[in-house]
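One letter stands for each residue in the lines below.
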Amino acid sequence: MAKDFRKSTVYQVYPKSFCDTNKDGLGDLKGVTSKLDYIKELGADYIWLTPFFVSPQNDNGYDVEDYYNIDPGYGSMEDVEELIAEAGKRGIGLMFDMVFNHVSTRHEWFRKAMEGDPYYKDFFFFRKGKGNGEPPTNWESKFGGNAWEYVEKFDEYYLHLFDVTQADLNWENENVRKEIQKILRFWMEKGIRGFRFDVINLISKACFEDDDKGDGRRFYTDGPKIHQYLKEMHDATFGQDDGIITVGEMSSTTIENCYQYAGRDTGELSMVFSFHHLKVDFMGNEKWVLVPADFQKLKDIIFEWQTKMAEHNAWNAVFWCNHDQPRVVSRFGDEKKYWKESAKMLGTVIHCLRGTPYVYQGEEIGMTNTDFKEIGRFKDVESLNHYQILQEKGLSADDALRIIQIHSRDNARTPMQWDDTKYAGFTSEDSAEPWIGVNGNHTRINAADQLKDPSSIFHYYQKLIALREDSEISDIIAFGGIEPLDQKDPCVFAYRRKYEGHELIVAANFFGRTYPWKNAPELAGYRRVLGNYADTEFSAEGTAVMKPYEAAVWYR
Ligand code: TEU
Ligand code: CA
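Residues numbered from 1 in each chain as written. Chains lettered and ligands numbered in written order. Predicted model: local features only at pLDDT ≥ 70, side-chain atom pairs only at ≥ 80, totals over all residues. Heavy atoms only, no water.

A.B. asks: Provide a residue-level description of the pairing of strand β23 (residues 551-555), including the pertinent values.
C.D. replies: Most of β23 sits out of view: five of its five residues are buried. Judged by which residues are buried, β23 turns out to be covered on both faces: Ala 551, Val 553 and Tyr 555 on one side and Ala 552 and Trp 554 on the other are all buried. As judged from the five bridges shared by strand β18 (residues 502-509) and β23, these two strands associate in the antiparallel manner. In the strand pairing of β23, Ile 505 is matched with Trp 554. Pairing between strand β20 (residues 527-531) and β23: four bridges, direction antiparallel. (Buried < 20%, exposed > 50% of the residue type's maximum accessible area, 1.4 Å probe, protein only. Helix = DSSP H or I, 4+ residues; strand = E, 2+ residues; numbered from the N terminus. Pairing = 2+ DSSP bridges.)

What follows is the structure, given as structure tokens:
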């Protein structure tokens, strides 16, 4: 029976940093299998696994060399089959991460292109430069520098929106689209229950023109044929199996396009990730700056997406964290004084929204940003490139490092903290050094301790997940409408859900001080469902006095 994705929760695993079983310091597929009971105990219905296909790992697997085989660092095809089977026994479906905007330059298609084979050259975007030694356009790579790489023997450039070893695929070419369908069918036959599509809204390039207003993204984001390509892929593959769920990663997208991408009957995808709410501590699109998070903007963006997607019968993936984002408790909470309270508050706000929640490994135990003090400990190509670029712009090495520490994707990529042993139980104590450093706070923040403690963040997430799937209020969480409450309040994030005469009220104090919430709704007649403090206090006048990072949920 197909699960209703509106009542499901997805747990994201970054296998390289999850669990290492053969002591080489790299997490592996057997490691994921060994932790299925943990994920089951948390209550997740699906596991999204980031890519583990053959890859030179310049972008940790988002540079795929061969979609049909497993990178030996992660294990073997037998290991994947075992993982799928073992997850299935526990009622957990696997979602694979399909990277189809680009391939590794080591992929056979690109190698043949480089040999001059015209059939394969047309799988990519090879273009002449402007003549004066300048690339075809001034577009910037998301990882820094120009997005075109010169190939001397052709006197042409190829397009790479990401790393120079990630060549963009030409979706205009029908043979490319056919190859992609073949890959999807191959994995569907292995029993995959879902797909996540990497930066899928970048696949339709409109035209190759200089961008005098930006980095080029307006020429390839939500491009002219994007809906056509998605419908075609849907109809030819996963659309034929309604047990399969799909989520598209939508980079710098618009909400209007997402009505289509994730509409109930549009025949494209089940849901979308959008990222506007995770740029409230950027300066516009510029991530490599230090700007305090704008709380009002955060609420305005989330509520706009919540209410408008509902009006258009379209579905959001709701999340704070993934392998590209800093840890949310460090970002919007307080990882020191109110670590536990703020982690639970943030979980409450996300899990009661309209959408399918995604929990990123370690979020459920309140893992924090890294404690790396030197640039040498960072591994991500994006961080290392921008560390240089920031200094070329005139910043001191210390200032550049501070920005990297706050925004680096490596914040999410340090090993999962299972216990308080030398390598946090990510691997055994006599293993090779983990590929990336373990956060020193694993002696204080780890899964083993939290499994024993009924008041832990883990157990709170477990409750949130169970509420959506299997409780008296699961219908209102999954199907209810949503309206913001007191949206302009400077401290409180609150909303009301409504379904068949019932109401759910969710309120959260986003700050580390006690706050009397003047415009709190009348709560007499409501039952308290859960919260991160024993109870909410009310003043004599009936005002809710919200404690630091307090969150609570009421139902009627
Ligand atoms: O990320 C897409 C993307 O544009 C951003 O998340 C990006 O990594 C970052 O925010 C730039 O500041 C996806 C994957 O999730 C990411 O891990 C890959 O590196 C990227 O695509 C390329 O495949
Ligand atoms: Ca390993």
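A.B. asks: Residues and numbers for the environment of Glu 433, please.
C.D. replies: By secondary structure assignment, the location of Glu 433 is in the loop between α13 (397-407) and α14 (447-452). Sequence-wise, Glu 433 and Val 80 are 353 residues apart; in three dimensions their C-alpha atoms are separated by 25 Å. Among the polar contacts listed, one links the side chain of Glu 433 to the side chain of Tyr 423, at a separation of 3.1 Å. (Polar contact = N/O pair within 3.5 Å; in protein donor to acceptor, adjacent residues only side chain to side chain.)

A.B. asks: Outline the site of ligand 1, supporting the account with residue identities and numerical values.
C.D. replies: Close contacts around ligand 1 come from 16 residues, with Asp 59, Asp 198, Asp 324, Glu 382 and Arg 409 the closest. One of the side-chain N or O atoms of His 102 is found 2.9 Å from an oxygen atom in ligand 1. A distance of 3.1 Å separates an oxygen atom of ligand 1 from a polar side-chain atom of Arg 196. Protein contact buries 89% of the 490 Å² of open area that ligand 1 shows by itself. Most atoms of ligand 1, that is more than half of them, are within 2 Å of grid points of the largest pocket. Here the shell around ligand 1 is built from residues that sort into four nonpolar, three polar and nine charged. (Near = heavy atom within 4 Å. Areas by Shrake-Rupley, 256 points an atom, 1.4 Å probe, with all protein chains shown as cover. 1 Å grid on protein atoms, 1.4 Å probe; cavity = no way out; pocket = protein on both sides within 12 Å on 5 of 7 lines; lining within 4 Å. Sits in = over half its atoms within 2 Å of the grid points. Nonpolar A, V, L, I, M, F, W, Y, C, P; charged D, E, K, R; others polar.)

A.B. asks: Hey, could you go over the pairing of strand β17 (residues 492-499) for me, with residue numbers and the actual values?
C.D. replies: Taking burial as the measure, the eight residues of β17 include six buried ones, the bulk of the element. Pairing of strand β16 (residues 481-485) with β17, which is carried by five bridges, proceeds in the antiparallel orientation. Looking across to β17, one finds that Leu 485 is bridged to Ala 494. If you look at the hairpin formed by β16 and β17, you'll find six residues sitting between the two strands, and Asp 486 has a positive phi there, around 50 degrees. Pairing of β17 with β18, which is carried by eight bridges, proceeds in the antiparallel orientation. In the sheet register, Tyr 495 faces β18, and the bridge partner there is Val 506. In sequence, β17 turns back onto β18 through a hairpin of two residues, with Glu 500 there showing a positive phi of about 45 degrees.

A.B. asks: Tell me what's going on with the layout of surface pockets, and back it up with residues and numbers.
C.D. replies: Of the voids in this model, the largest pocket is the one considered here, and its volume is about 970 Å³. Surrounding the largest pocket, 39 residues form its lining, Lys 142, Arg 217, Asn 285, Lys 287 and Glu 382 being those nearest its centre. Counting residues per element, the lining of the largest pocket draws most heavily on helix α12 (residues 381-392), which supplies three residues. Taken together, the residues of the lining of the largest pocket sort by class into 10 nonpolar, 13 polar and 16 charged. (Points joined across faces, edges and corners; volume = space filled by probe spheres on them.)

A.B. asks: Tell me about the environment of Ser 428, and please be specific about residues and values.
C.D. replies: Here Ser 428 shows up in the loop between α13 and α14. For Ser 428 and Lys 23, which are 405 residues apart along the polypeptide, the C-alpha to C-alpha distance reads 6.7 Å. If we ignore the near neighbours within four places in the chain, the residues touching Ser 428 are Lys 23 and Tyr 423. Within polar-contact distance, the side chain of Ser 428 engages the side chain of Asp 430 at 3.1 Å. (Contact = heavy atoms within 4.5 Å.)

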